[in-house]
Amino acid sequence: MYTTTHRAVVPFYVYAGLAFLVATVLLFSGAGEFSGHYFQPHILAITHTMALGWGTMIILGAGHQLIPVLIEGELYSIKLAYISYLFTAVGIALLVWAFYIFDMGWPAIYAALLINAGVIVFFVNVLMSIVKSKRENIQAVFMLTAAGWLLFTTIAGGLLICNFTENLLPEGSLHYLSLHAHIGIVGWFLLLVIGVGSRLIPMFLIAKYEHPGLLWSIYGLINGGLIVFIFIFLNTVWPVLYGIPLICIASAIVLFGIYCRQAYRVRIRRQLDDEMKLSLLAVVMMVLPLLFLIGLIITLLSLSADVKMVLAYGFTIFFGWLTAIILGMTFKTLPFIIWNKVYHARAGTGGTPSPKELFSGKVFHFMAICFIIGFIGFAGGIVATNGMATRIGALLLLGCAVLYNVNVFKLLLHKDVML
Amino acid sequence: MIIHQHTKIAAILKHNPASLEAIVSISPQFEKLRNPVLRKLLAGRATLAMASKIGGCSMEDFYTRLAPLGFTKGAETTAAETKELQELPALIKSLSDEQLVVLDVRPVIAAGEDPLSLILQKIKTLQSGQVLKIVNTFEPTPLMLLLKKQGFGAYAVQLDDQLVETWFYRLADTVVTNQRVQTGSWDEMLARYKDNLQTIDVRGLEMPLPMHTILAALDDLPEGKALFVYHKRIPVFLLPELALRHLDYRVKEVANDEVHLLILRN
């Protein structure tokens with residue numbers, strides 16, 4: 001009971017894994033473009049493959065699985081889960097293609113409509129599940145709020161696309177890019193990852209740790225900071241005021257770091273597996289984009305925005321902590337979903353493998369190494385404008401994506417084995 | 001068009017609609033194909049090999065009747081599929097009455113409807129250890145293949161030319177019987193620890209408290225005792241922890257929201 005059928009969840013994981021592969025292929029083939037301006041077709045295509053195809057799709061999949069666990073009730077509708085998959089899957093592919101060939105006409109507009117429809121369906125499904133369960137749960141509130149910000153982001157994205165062909169907004173689309181991006185990064189990804197992580201990280205560490213007060217503070221800081229940011233942005237007051245939302249978000253991240261550290265200290269499971277190590281590394285990596293952002297604001301105050309800083313900032317978010325936590329958490333969730341599918345019918349017999357044995361630990365280990373070195377190489381290459389470093393970094397990230405998919409498909413194709 | 005035993009009836013009908021009459025003339029069993037609804041459903045699922053079993057005719061009948069319509073016989077591939085269900089599985093022999101669920105689909109088919117959804121619905125409600133018997137006028141080979149993919153074994157007996165009984169059973173159940181010798185089933189294990197059980201109930205606890213409670217109880221579990229847990233679901237995240245502690249477990253799903261868990265030392 002309270003488990004969403006694997007049929008509604010697994011397609012999201014598969015899509016996300018393939019999107020990660022596509023993004024790293026694009027990253028490798030376009031590594032040279034990372035020395036120029038960030039507002040160009042191929043980088044927009046890569047960013048949206050990562051943000052939507054990889055990050056959002058896996059969160060939607062895991063979200064459908066997690067909601068019943070969080071609210072101790074059933075998902076409102078499995079049908080809506082399928083529909084949201086259909087809309088987003090088609091919409092995201094179309095959008096990435098539209099960016100790649102830079103056709104902001106019908107392909108991009110239909111893509112935006114489909115993605116928005118998919119997100120609305122997801123939002124309604126989460127909302128109705130919570131309303132029906134009548135059980136208050138802080139993580140579910142994080143998820144619902146984050147889904148609301150996601151909708152805000154995709155609506156804004158849709159408007160920006162229309163703004164390319166029709167003059168809808170007072171300024172050009174480039175002007176609103178940071179608004180669109182930050183609502184997505186902070187409101188959707190950061191809020192959701194912290195919300196879900198605050199439940200999953202103590203759970204996998206087997207830590208009897210709870211601190212709702214701390215989590216509500218984080219919730220207030222992120223949402224407050226984001227609202228202040230939007231206000232400052234739309235009213236173009238002094239750039240120095242951007243320090244306020246920055247301090248809010250930075251404090252939220254530090255508080256979440258403290259939360260994880262506390263959980264880590266009281267954990268029962270002494271030895272950490274590779275998946276948990278990578279997930280905790282992701283929490284530490286959240287600081288990196290903050291450093292680039294501070295650097296960016298300092299340069300912004302003196303001269304104009306440094307494009308290198310913007311590229312590094314975006315890269316350390318999407319290919320940094322977000323990817324790290326997905327790489328780790330995939331193998332903390334998917335094996336259990338597959339195990340349930342394959343073995344629950346004969347769990348009474350004994351002789352079933354452990355969920356951890358359904359994927360290769362060795363492949364995971366090499367994937368993690370490729371990721372870490374590839375990430376450092378590419379980020380370093382952007383900052384130092386070193387084409388060789390970005391190319392090698394991109395190649396390692398591509399290797400990481402291949403290994404990730406190898407393990408995901410190994411899981412999916414797992415057949416009942418007797419021990 | 002080249003045809004062989006794996007060619008779908010639907011492909012043949014699509015290639016040349018006149019083949020319908022030729023096929024119907026082979027066996028009265030194929031009269032069903034005249035009904036457009038049944039045709040759509042059955043023809044898409046059945047291959048020539050399956051059809052020859054259903055119609056009680058040989059593959060050669062198809063080749064000779066279809067030859068004038070421009071169909072030529074292709075190379076025969078290995079015909080292994082039909083061989084495997086000869087011996088009555090031990091499971092079926094030892095069935096008690098409550099383990100047998102009977103479904104007669106003859107009236108449904110006679111009414112011109114597709115019994116598939118009814119069968120699938122029935123098979124879903126099948127409890128562990130239960131067997132579904134389907135009464136029909138032909139051997140439902142496509143269904144047997146479909147359910148095989150879902151983990152069901154099948155065994156069919158032709159009682160006369162209008163009556164076929166087919167049994168479907170979970171392959172996992174036959175595993176249970178093989179397994180019993182090696183590691184002991186739920187029942188055996190429960191019997192073994194009957195007087196040495198410690199019981200906890202974690203059904204009312206919110207995640208992740210069930211896991212903590214179980215692990216704490218395991219830490220205090222005296223030597224030679226087993227832990228019996230009332231749970232709402234199979235606690236998948238607990239399983240790796242059990243493996244780390246070299247503990248073994250058995251699970252019994254009592255209902256949709258009730259699972260009994262037996263944790264024992266290896």
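What you see is a predicted model; the values in this text were computed from it and never measured.

(A) Representation of the overall build of chain A in the model. A count of helical and extended segments in chain A gives 13 helices and zero strands. Listing each helix as α and each strand as β along chain A from the N terminus yields α-α-α-α-α-α-α-α-α-α-α-α-α. Taken against the 2.2 N^0.38 rule, which gives 22 Å for 419 residues, the C-alpha radius of gyration of chain A at 21 Å falls within 12% of a compact globule. If you line up chain A on its principal axes, its C-alpha atoms span 70 × 50 × 45 Å. Residue burial in chain A is summarised as follows: out of 419 residues, 51% are buried.

(B) Just the overall build of chain B, in detail. From N to C terminus, chain B includes 13 helices and 10 strands. A total of 266 residues make up chain B; the buried ones form 28% of that total. Long-range contacts, defined as pairs at least 24 residues apart, comprise 66% of the intrachain contacts of chain B with a sequence gap of at least 6.

(C) Geometry of the sheet that holds strand β4 (residues 131–136) of chain B. Residues and elements named next belong to chain B. Here four strands make up an open sheet; going across it, the order is β3-β4-β6-β5 and the pairing mixed. Each of the sheet's edge strands pairs with one partner strand only, and the pair in question is β3 (100–104) and β5 (152–160). Sheet twist, expressed as the average angle between the axes of neighbouring strands with direction ignored, equals 20°. Two elements, β4 and strand β6 (residues 163–170), share six bridges in a ladder whose sense is antiparallel. Its bridge partner being in β6, N136 is matched across the sheet by V164. Packing against the sheet, helix α9 (residues 141–149) makes contact with β5 and β6, and its axis sits at approximately 160° to β5.

(D) Seen up close, the packing of helix α1 (residues 6–29) of chain A against helix α11 (residues 307–343) of chain A. Residues and elements named next belong to chain A. Two numbers describe how α1 lies on α11: the axes approach to 11 Å, and their chain directions differ by 145°. Judged by the twist between their axes, the crossing of α1 over α11 is left-handed. Every residue of α11 that contacts α1 at H6, V9, V10 and Y13 is listed here: T330, L334, I337 and K341. Among the residues making up the contact of α1 with α11, the classes are represented as five nonpolar, two polar and one charged.

(E) Spatial organisation of the environment of B:A51. For B:A51, the location among the structural elements is in helix α4 (residues 48–55). Taking the C-alpha atoms as reference points, B:A51 and B:T141, separated by 90 residues in sequence, lie 8.2 Å from one another.

(F) Layout of the pairing of β6(B). Residues and elements named next belong to chain B. One ladder, built from eight bridges, connects β5 with β6; its direction is antiparallel. When the bridges of β6 are listed, A154 appears paired with F168. Once β5 ends, the chain turns through two residues before running back antiparallel as β6.

(G) Looking closely at the interface of chain B and chain A. At the interface, 28 residues of chain B touch 23 residues of chain A. A per-class count over the side of chain B that touches chain A returns 15 nonpolar, five polar and eight charged.

(H) Representation of the sheet that holds strand β10 (residues 258–265) of chain B. Residue and element names in this part refer to chain B. Strand order in the open sheet made by the four strands is β7-β8-β10-β9, with mixed pairing throughout. If you trace the sheet from one side to the other, it starts and ends with β7 (197–201) and β9 (247–255), each paired once. Pairwise comparison of adjacent strand axes, ignoring direction, gives a mean angle of 20° for this sheet. Pairing between β7 and strand β8 (residues 226–231): five bridges, direction parallel. Its bridge partner lying in β8, D201 is registered against Y230. The sheet contacts of helix α12 (residues 209–219) involve β7, β8, β9 and β10, and relative to β8 the element is tilted by about 165°.

(I) Region of interest: the nonpolar core. One finds A:L95, A:L191, A:L192, A:I222 and A:L397 to be the most contacted residues of the largest nonpolar core, which totals 166 residues. It is α11(A) that provides the largest number of residues to this core, a total of 24 residues. Among all residues touching A:L397, those that are not within four sequence positions of it are A:T24, A:L27, A:F319, A:F371, A:G374 and A:F378. One finds B:A43, B:A46, B:L48 and B:F138 within the second-largest nonpolar core, a separate group that totals 18 residues.

(J) Quick look at the environment of A:V254. By secondary structure assignment, the location of A:V254 is in helix α8 (residues 243–265). In this structure, the C-alpha to C-alpha distance between A:V254 and A:M286, residues 32 residues apart in sequence, is 9.2 Å.

(K) Structural detail: unusual backbone geometry. Its identity as a non-glycine residue notwithstanding, A:I206 has a phi of 50°, on the positive side. Assessed through the 20 C-beta atoms surrounding it within 10 Å, A:I206 is described here as buried.

(L) Structural detail: the packing of helix α9 (residues 274–285) of chain A against α11(A). All names here are of chain A. Axis separation between α9 and α11 bottoms out at 8 Å; the angle between their running directions is 155°. Relative to α11, α9 is oriented roughly antiparallel. Read as a crossing pair, α9 and α11 show a hand that is left-handed. Touching E275, M276, L278, S279, L281, A282 and M285 of α9 are G320, W321, A324, I325, L327, G328, M329, F331 and K332, all from α11. When its residues are assigned to classes, the contact of α9 with α11 shows 11 nonpolar, three polar and two charged.

(M) Fine view of the confidence of the model for chain B. All names here are of chain B. Confidence along chain B averages 79 in pLDDT terms, with 86% of residues attaining 70 or more. Here helix α10 (residues 171–182) is the element of chain B with the lowest mean pLDDT, 47, and β8 is the one with the highest, 93. Counting contacts from residues 78–86, a segment whose pLDDT is below 50, to residues more than four positions away or on other chains yields six contacts. Across the assembled chains, the prediction reports ipTM 0.77 with pTM 0.72.

(N) Region of the structure containing the environment of A:F39. Residue and element names in this part refer to chain A. Mapped onto the elements of the fold, F39 is located in the loop between α1 and α2 (41–71). Spatially, the C-alpha atoms of F39 and L311 are 9.6 Å apart, while their sequence positions differ by 272 residues. Contact partners of F39, with chain neighbours within four places excluded, come to L174 and L177.

(O) Here's a closer look at α11(A). Residues and elements named next belong to chain A. With 37 residues, α11 extends 52 Å from end C-alpha to end C-alpha; this agrees with the ideal 54 Å at 1.5 Å per step. The largest bend in α11 amounts to roughly 40° and is located at T323. Across the 37 residues of α11, 34 count as buried, placing the element largely inside the fold.

Rules used in this analysis
- Residues numbered from 1 in each chain as written.
- Chains lettered and ligands numbered in written order.
- Predicted model: local features only at pLDDT ≥ 70, side-chain atom pairs only at ≥ 80, totals over all residues.
- Helix = DSSP H or I, 4+ residues; strand = E, 2+ residues; numbered from the N terminus.
- Rg over C-alpha atoms; globule rule 2.2 N^0.38 Å.
- Buried ≥ 20, exposed ≤ 12 C-beta atoms within 10 Å, placed from the backbone.
- Contact = placed C-beta atoms within 7 Å.
- Pairing = 2+ DSSP bridges.
- Axes fitted to C-alpha atoms, helices over the stretch in contact; angles between N-to-C directions.
- Left-handed = near helix turned anticlockwise from the far one by under 90°.
- Nonpolar A, V, L, I, M, F, W, Y, C, P; charged D, E, K, R; others polar.
- Core = buried A, V, L, I, M, F, W, Y, C linked by C-beta atoms within 7 Å.
- Parallel < 35°, antiparallel > 145°, perpendicular 65-115°, else oblique.
- pLDDT = per-residue confidence, 0-100.
- Expected span 1.5 Å × (residues − 1).
- Bend = angle between axes of the 7 residues up to and from the residue.

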